[in-house]
Amino acid sequence: MHTITLINGDGIGPEISESVQRIIKASGLEINWDLQTAGSDVIEKEGVPLPERVIESIKKNKVALKAPVTTPIGKGFRSVNVQLRKTLDLYANLRPCKNLPGVETRFKDVDIVVVRENTEDLYAGVEEKIDEDTAHSIKIITRKASERICKFAFEYAIKNNRQEVCAVSKANIMKLSDGLFLECFRKVSAEYPQIKSREILVDNLCMQLVQDPTRFDVLVLPNLYGDIVSDLTAGLIGGLGVAQGANIGLDCAVFEPVHGSAPDIKGQNKANPTALLLSAIEMLKYINEYSYAEKIEKALFKTLSQGYKTADIGGNLTTTEFTNKIIENL
Ligand code: ATP
């Protein structure tokens with residue numbers, strides 16, 4: 001039996017985690033979930049939002065499914081998400097965005113994979129207040145991180161039969177930092193002549209994505225552009241409720257939806273579990289449980305095609321009702 005770390009998060013996290021656990025169990029796959037709480041709810045008891053036991057559990061189990069965790073603003077804690085990614089060196093953030101059956105969107109045939117660098121850039125958190133009226137935030141781009149994320153994107157393209165990898169930057173303005181990223185991309189792309197390579201400026205990319213997203217295949221981006229662009233691509237396929245993600249490193253992987261903890265709908269049985277479920281399906285493939293992954297994916301797609309949906313994507317089902325429909329379709 002697989003033992004997998006489950007971080008059930010806060011906000012809507014516990015509701016969607018329960019839904020996904022129920023669906024996986026109903027598929028017939030037994031998983032020993034190593035439940036690890038994190039976020040604002042554990043601060044009072046343990047003093048920090050990301051206790052060491054969570055990191056140890058992921059290191060031991062190698063794989064985790066993570067619901068969104070909120071970091072309290074302005075209380076001096078580093079972001080749980082950023083800390084987790086940095087401590088475990090989960091350098092690649094993978095966000096596939098593909099149209100889902102039954103979910104109406106402006107564009108058809110969207111099939112974009114966003115590969116976001118996960119460890120540096122403006123997320124390094126190197127900020128200082130110069131005086132009352134001025135603050136600095138330092139953007140860090142290194143050769144090591146840029147080369148390995150570009151390599152990851154090309155390797156992903158090969159393994160998944162993709163045609164093209166496109167590097168996204170603002171190297172015309174940030175000539176040194178984004179310039180270095182682009183230099184690394186060019187070097188790595190030369191090692192993969194079988195995959196087309198392309199370069200685009202991030203502003204032009206955004207315009208083209210909303211005009212015709214079918215022009216793009218795999219995108220590779222530094223951290224901050226990756227964050228923003230992957231929310232945009234999530235919007236193209238139906239919004240945050242259906243956007244899956246994964247953070248992958250050399251030793252372990254954490255699968256998590258793109259969305260946050262959505263405190264505005266917490267505890268109302270309204271949350272869409274699809275993004276976490278799709279992340280879990282990818283996780284099952286990662287641990288070589290392909291038949292269960294396919295079985296669950298089929299049931300999800302069938303449910304959506306039948307018009308059963310939560311409110312965020314135009315339906316009227318509660319989280320529990322939607323989960324029950326998927327289980328019936330299993
Ligand atoms: P973060 O900064 O942690 O990314 P955020 O405040 O930017 O969080 P989310 O928490 O992702 O954003 O929520 C943005 C909006 O999308 C909210 O109105 C929320 O209700 C909605 N939303 C996010 N996830 C879901 C979901 N799974 N189901 C339904 N609605 C969702």
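Use the structure listed above.
Residue positions are given per chain, counting from 1 as you read along its sequence in written order. Local features in this predicted model are restricted to residues of pLDDT 70 or higher, and side-chain atom pairs are both shown and tallied only at a pLDDT of 80 or more, whereas totals for entire chains, interfaces and linings draw on every residue. Side-chain numbers come from the whole structure's heavy atoms, not from hydrogens or water.

A. Representation of the nonpolar core within the structure. Core analysis: the biggest nonpolar cluster contains 82 residues, and Leu65, Val115, Val165, Leu219 and Val220 have the highest contact counts within it. Setting aside anything within four residues of it in sequence, one finds leucine 65 in contact with Ile4, Thr5, Leu6, Ile7, Val20, Trp33, Phe255, Leu276, Ser279, Ala280 and Met283. Each nonpolar core is a collection of buried residues, namely Ala, Val, Leu, Ile, Met, Phe, Trp, Tyr and Cys, held together in the definition by side-chain atoms within 4.5 Å. Partly exposed describes any residue whose relative accessible area lies between the buried limit of under 20% and the exposed limit of over 50%, with all areas from a 1.4 Å probe on protein chains only and scaled to the type maximum. Here, two residues are considered to be in contact whenever any of their heavy atoms come within 4.5 Å of each other.

B. Structural view of the packing of aromatic side chains. Stacked, tilted and edge-to-face pairs are distinguished by plane angle, under 30 degrees for stacked and over 60 for edge-to-face with tilted covering the rest, among Phe, Tyr and Trp rings (Trp via its six-membered ring) whose centres lie within 6.5 Å. Scanning the model with the defined rule gives 4 aromatic pairs in all. Centre to centre, the rings of tyrosine 91 and phenylalanine 152 are 6.1 Å apart; their planes meet at 85°, and the pair counts as edge-to-face. Pair noted here: tyrosine 91 is in the loop between α4 (80–87) and β4 (92–98) and phenylalanine 152 is in helix α5 (residues 143–159), with a separation of 61 residues, a long-range link. On the basis of relative accessibility, which here comes to 10%, the residue tyrosine 91 falls in the buried class. Residue classification places phenylalanine 152 among the buried positions, given a relative accessible area of 14%. Cation over ring: arginine 116 sits above tyrosine 123, and NZ or CZ is 5.1 Å from the ring centre. Between the NZ or CZ atom of lysine 325 and the centre of the ring of tyrosine 308, over which it lies, the distance is 4.5 Å. Counting from the N terminus, the helices are DSSP H or I runs at least four residues long and the strands are E runs at least two residues long. Any Lys NZ or Arg CZ found within 6 Å of a ring centre and within 35 degrees of that ring's normal is scored as a charge over the ring.

C. Spotlight on the pairing of strand β7 (residues 134–137). For two strands to pair, DSSP has to find at least two bridges joining them. The pairing of strand β6 (residues 127–131) with β7 spans 4 bridges and is classified as antiparallel. Note on β7: the bridge partner recorded for lysine 129 is alanine 135. With antiparallel pairing between neighbouring strands as the criterion, β6 and β7 make up a hairpin whose turn holds 2 residues.

D. Structural detail: helix α1 (residues 13–26). Given a helix with a known number of residues, its expected span is that number minus one, times 1.5 Å. For α1, which comprises 14 residues, the first-to-last C-alpha distance of 20 Å matches the rise-based estimate of 20 Å (1.5 Å per residue) to within 8%. Buried residues of α1: Gly13, Glu15, Ile16, Ser17, Ser19, Val20, Ile23 and Ile24, and no others. Summarising the contacts, the buried residues of α1 are in contact with β1 (2–7), β2 (31–35), β3 (63–66), α9 (274–286), α10 (290–305) and α11 (319–329). The first or second residue beyond α1 is glycine 28, which carries a positive phi of 105°.

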